[in-house]
Structures are given as C-alpha cells and as structure tokens.
Amino acid sequence: HLDRIAAVDGAVHAFLHVSGESALAQAAAVDQQVAAGEPAASPLAGVPLALKDILVQQGVPTTAGSKILEGWIPPYDATVTRRLLDAGVVILGKTNLDEFAMGSSTENSAYGPTRNPWDLSRIPGGSGGGSAAALAAFEAPLAIGTDTGGSIRQPAAVTGTVGAKPTYGGVSRYGVISLASSLDQVGPCARTVLDTALLHEVIGGHDPHDSTSIPAPVPAVVDAVRRGATEGVAGMRIGVVRQLSGEGYQPGVLESFAAAVETLRAAGAEIVEVDCPHFQYALATYYLILPSECSSNLARFDAMRYGLRVEPTGAAARKAGPVSAEQVMSATRGAGFGAEVKRRIILGTYALSAGYYDAYYGSAQKVRTLIKQDFEAAFAAADVLISPSSPVTAFGIGEKVDNPMAMYLNDLATIPGSLAGIPAMSVPSGLASDTGLPVGLQIMAPALGETAMYQVASAFE
Ligand code: GLN
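Model, not experiment: these values are computed from the prediction.

A.B. asks: I'm lost on the overall build of the protein in this one. Help?
C.D. replies: Each helix and strand counted, the protein has 16 helices and eleven strands in total. Rg of the C-alpha trace for the protein: 22 Å, near the compact-globule value of 23 Å for 461 residues, within the 12% margin. Judged by the C-alpha coordinates and their principal axes, the protein covers about 80 × 65 × 45 Å. For the protein, buried positions account for 56% of its 461 residues.

A.B. asks: I keep staring at the sheet that holds strand 3 (residues 90-95) and nothing clicks. Help me out?
C.D. replies: The strand order across the open sheet formed by eleven strands is 1-3-2-4-6-5-10-11-9-7-8, and the pairing between neighbours is mixed. Looking at strand neighbours, the two that pair on one side only are strand 1 (15-18) and strand 8 (270-274), the edges of this open sheet. Neighbour-to-neighbour, the strand axes of this sheet turn through a mean angle of 30 degrees, independent of strand direction. Bridge count for strand 5 (residues 162-165) against strand 6 (residues 185-190) is two bridges, and the pairing is antiparallel. The residue of strand 6 that forms the bridge with G163 is C189. Sheet strands touched by helix 2 (residues 20-35): strand 1, strand 2 (48-52) and strand 3. Its angle to strand 3, the strand with the most contacts, is close to 155 degrees.

A.B. asks: Looking at this structure, how should I read helix 11 (residues 325-336)?
C.D. replies: At 3.6 residues per turn, the α-helix brings residues three or four places apart onto the same side. The end-to-end C-alpha distance of helix 11, which contains twelve residues, comes to 16 Å, matching closely the 16 Å that a straight helix rising 1.5 Å per residue would cover. By the burial criterion, the buried members of helix 11 are A331, T332, R333 and G336.

A.B. asks: What is the right way to look at unusual backbone geometry in this model?
C.D. replies: Residue G126 is joined to S127 through a cis peptide bond whose omega torsion reads 5 degrees. Topologically, S127 is positioned in the loop between strand 3 and helix 4 (129-136). The backbone of L448 sits at a positive phi, close to 65 degrees, despite the residue not being glycine. Counting through the fold element by element, L448 comes out in the loop between strand 11 (438-444) and helix 16 (450-457).

A.B. asks: Please clarify how the UniProt feature "active site" (unreviewed entry) in the protein should be interpreted in this entry.
C.D. replies: Under the feature "active site" (unreviewed entry), the UniProt entry names K52, S127 and S151. Their sequence span is 100 residues, while the largest C-alpha to C-alpha distance among them is just 10.9 Å; these annotated residues converge on one region. By the element assignment, K52 lies in strand 2. Judged by local crowding, K52 falls into the buried class, with 33 C-beta atoms found within 10 Å. For K52, the contacting residues outside a window of four places in its chain are T95, L97, G128, G130, S131, I144, G145 and T146. Those residues within four positions of S127 in sequence are excluded, and the remaining contacts are L97, D98, A101, M102, G103, T106 and S151.

A.B. asks: Any chance you could explain the environment of L84 here in plain terms?
C.D. replies: Within the secondary structure, L84 is located in helix 3 (residues 79-86). By the C-beta count within 10 Å, which is 27 here, L84 ends up buried. Separated by 200 residues in the primary sequence, L84 and A284 have C-alpha atoms spaced 36 Å apart. Excluding residues that lie within four positions of it along the chain, L84 makes contacts with L49, V89, I91, V202 and I203.

A.B. asks: When you look at the nonpolar core in this model, what are you seeing that I'm missing?
C.D. replies: Taken as a class, soluble globular proteins show a tendency for nonpolar side chains to be buried jointly. Judged by nonpolar contacts, the single largest core of 129 residues is most densely connected at L49, V384, I443 and V456. Excluding residues that lie within four positions of it along the chain, V384 makes contacts with I238, I443, M444, A445, A452, M453 and V456.

A.B. asks: Could you clarify how one ought to interpret the pairing of strand 3 in this entry?
C.D. replies: Strand residues, when the strand is regular, have side chains that alternate between the two faces of the sheet. Of all six residues in strand 3, six are buried, a share of seventy percent or more. Where strand 1 lies against strand 3, three bridges are found, and the strand directions are antiparallel. Looking across to strand 3, one finds that F15 is bridged to T95. The pairing of strand 2 with strand 3 spans five bridges and is parallel.

A.B. asks: For this particular structure, what's the right way to read helix 2?
C.D. replies: Along its 16 residues, helix 2 runs 22 Å from first to last C-alpha, staying within 8% of the 22 Å computed at 1.5 Å per residue. Judged by how many residues are buried, helix 2 sits mostly at the surface: one of 16 residues are covered. Trailing helix 2 by a residue or two, G37 shows a phi angle of about 75 degrees, which is positive.

A.B. asks: Is there a simple way to think about the confidence of the model for the protein in this case?
C.D. replies: In low-pLDDT segments, the atomic positions of the prediction should not be examined closely. Residues of the protein with pLDDT of at least 70 account for 100%, and the chain-wide mean is 96. Model confidence for the complex is summarised by a pTM of 0.97, with the ipTM given as 0.97.

A.B. asks: Explain the packing of helix 9 (residues 282-297) against helix 12 (residues 339-351) to me, please; I cannot follow it from the model alone.
C.D. replies: Between two packed helices, what matters for the description is the angle formed by their axes and the separation of those axes. Here helix 9 crosses helix 12 at 100 degrees, and the two axes come no closer than 7 Å. By the angle between their axes, helix 9 is roughly perpendicular relative to helix 12. Along the contact surface, helix 9 presents L288, P291, S292, C294 and S295, while helix 12 presents R344, I345, L347, G348, T349 and A351. Residue composition of the contact of helix 9 with helix 12, grouped by class: six nonpolar, four polar and one charged.

Definitions and cut-offs
Each chain carries its own residue numbering, running from 1 in the direction its sequence is written. Residue-level local features of this predicted model are given only where pLDDT is at least 70; pairs of side-chain atoms are given and counted only at 80 or more, and the full residue set underlies all totals for whole chains, interfaces and linings. Runs of E in the DSSP output that reach at least two residues are strands. Runs of H or I that reach at least four are helices, and both are numbered from the N terminus. The quantity called the radius of gyration is restricted to C-alpha atoms. Its globule counterpart is 2.2 Å times the number of residues to the power 0.38. Here a residue counts as buried when 20 or more other C-beta atoms fall within 10 Å of its C-beta, as exposed when 12 or fewer do, and as partly exposed in between; the C-beta atoms come from the backbone. Pairing between two strands requires that DSSP report at least two bridges joining them. Lines fitted to C-alpha atoms define the axes here, with helix axes fitted over just the stretch in contact, and angles between the N-to-C directions of these axes take values from 0 to 180 degrees. Any two residues are considered in contact once their C-beta atoms, placed from the backbone, lie within 7 Å. Helix span is expected to be 1.5 Å times the residue number reduced by one. UniProt positions are given in the numbering used here, feature names are shortened, and annotations may be inferred rather than shown by experiment. Nonpolar cores are built from buried Ala, Val, Leu, Ile, Met, Phe, Trp, Tyr and Cys residues. These are joined into a set through C-beta atoms within 7 Å. Note: pLDDT gives the predictor's confidence per residue, expressed from 0 to 100. With respect to orientation, any angle under 35 degrees is reported as roughly parallel, any angle over 145 as roughly antiparallel, any angle of 65 to 115 as roughly perpendicular, and every other angle as oblique. When residue character is reported, Ala, Val, Leu, Ile, Met, Phe, Trp, Tyr, Cys and Pro are called nonpolar, Asp, Glu, Lys and Arg charged, and the others, Gly included, polar.

Now the structure itself:
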C-alpha cells in the first residue's frame, strides 16, 4: 500500500501525511506475533488504514485541513486511534479533508483539493474526500471518516465505496477535533460492507472519556452482514422517503435508486412509501445549528494554544508599546482560517447573539425535534429507510466553489439523519446511466438499529 501511495497519490492527493516508517514497524510487529504463534489482536490485525486528519494520533501532525493547525503535533491518541492501534490495524497516514470538515468536495482544504480516482477532474466528495479517494484508488482497504452532515456518506457515494455514520454516541469523539458537537460522529469506511462492519466493531462502544458516549456494547454488525448474506432481506419493511428523491436529484441518480428499490423488492422486502414533511426544513435547520456550535468550538484556536501564531502588522504593530493578545488573536485567525470557516463563525455568532437567539437558534432546535418526530413516525411503518445518498454524482473541481448554496445542497439527503442522531450508511448501487459515475444508496435505521442497516446493506455486496 505504501508503494501504491507513492505511485498514485501525486495525482490523487488523498494523504496529507504518510507515516511510512511507523506503518512498517507496526506491520512487522503483527508479523512477529503471528510467527510466535500468538493470537491476532483482532480480525483486522495487520490490515492498513487511512485516518482522516481530524482525529489525533500522538506524535503525528494533525491539521484538520487548516493552516491554523500547521505544525501542531498532538500529545495524545484519540480513543478511536488507540482502539485501532490496539487491534493491530496499521495506520498508513492522515487523509485530506475540507477545513475543519466544512464542505462537500474537499476543495476547502488549505492544502489543496483531493481528486476523484474515477475521474481526476472531479471532486471525491467531502469533507472526507481524502479517506474515500484513498479507498477508491486502492491506497488503503480501510479508512476512518467523520460525519456531521454527510461527510462519510456523500464521499462514499461519489467514489463508489462504503461508509457508515453510527448512531450518535456509538463511537467516541474523544480526540476528534470538534466541528458541531451535537452532530459529529466518527465512522468506518471501506470498499465492502463486511470490511466496514469489521472496522465498526473495532472502533465502536462505550468510552468514559466522551460524556455523550452511549454506555452500551457496539451492535453486532458483523453477524448482521453474515445474516444478510444467508437470509437476505425477505420480510423486512423498507421505507422509501418521499421527500428524499425527486426534485433536485440527477436523473441518473434517481434511475439507479429505482433499480435498488426493485432489487430489494425482488429479494422479498416489503417496500412502503413514507412521508417526512419537515425534511424540507432540514438544510436550513442544519445551517443554523452547525454554525452556532462551530463558532463556539473554534474559539479555542486563539493563537496561544495550538499551531500557528501571526504577529499583527499595520496600525497595531506600529503603535508604541506591546501588542495585545486580542490583536495577535485577530491576526492569527485572519490568516489561519479559510473563507468557509470564517463564513460559518460569523453566521453562528450572529445566530447566537442576544437579540436573535430565539428567532434563529431557538427555532432551529424546535424544527430539529419535528424532524426527529418525522423519523419516529416513519420507523413505526418501516424497519429501515432508504434514499439516494447524494443528489448528484461527482461534479467537476471548481464547479461549485463560488456558490455556497449549491455546495450545501449536496447534503440534502444526509442531513436529516444527522439532525436525528440515527445511524445511516452509503453503499454503491451502480453507475449512473447519464454520467457513468458511481451512485450511492443511503440506508437509515432507528438509533442503535445498526444491525438492520447492515443486513440491508449486504444485499448490495
Ligand atoms: N458538507 C456538510 C458541511 O459542510 C457536512 C460536513 C460534515 O459532515 N462534516 O457541513
């Protein structure tokens, strides 16, 4: 895999940092264990993995795709990183992402875009485009992503790979640089459903270091995939969400989705149509809640604690006497944050300000509850819900960079599940007839219902 990275990553740019030496040392340690006849630490011992550069790994540079963290070396491991290392998984390096995971194309990375291995002139999705591209380019068989509004599922869809966002609280967020704490979730990515499930079981389960971690064992998703392979989906009730297909979706995506519905029907599933009327407000709700939370989370980048520090220039610097901490902070944040990050900090600060709190943030929280209630009603009629993962196949690099609204619309189908905290995953459902590019099917389940989700996913293996 290191050879493969050396051969193709100049063109793909999935990695921000390759940990060649430590990866080889880790692999050698697993070999030694095997040679000594010791039991493997896990079914994934010795298997290489690409880690999204928003999870910390002790001693390895972590940037979150931002200049403001350039040169910062984390002094500890994220819980997920620790669990991977303990399981013998070999960490190949850190993958590219939109700055602080804000984006749908990886073009907001301060270190340049990642390219889609299916067509290098196109985006690999975002924010986890680096992890998805590493899988699609065969640079790694496993990857870790994070999903706040779709950053695992949409990149999986547009690169023809698999990615799962677990139930909120199902995987520890300790050591994951926060975007929006009530939405962020770490999840497994791979090229097959079974590999995704194996990785899910390695990283999931309770962690006392994360106060929102669910005190329950990780769902038995590997068994669920095996059950899916033998028993299929006969008798399962599968709901098609009326609001998550149709207007705004590319014809080739809708065609592939219709074919996936027929595959499930032919396999004996009962297909029901469900209505989720408040989903039309999901995007607006998300773009109030997310900026509000991120404006608070990103306050920690104050020029004192991490990475970059820029001395003020101009009037502040010419003034006699010492410059203030505030002036250093302002110069550092001005130089260290990109345009999208600044846009969201300003939006969030505004939405949380005293005069507007009730009108914006307060209302958004109420609509979030209505969206959750829509899901509860839908899950009374169906075991899992399905939709396309992304409204479009991979678009061209540069096509949407100047239009934030066009960029935000890529998460039309994934955001409702994020707001409700339910598990959701994307599996490849074939190629679109109009563009010839991969399409993803989204499968959503009730909180902690990962086993049903993986069982249905295995129908597309
Ligand atoms: N694309 C969405 C956003 O820009 C989702 C990001 C994510 O899931 N991290 O917020």
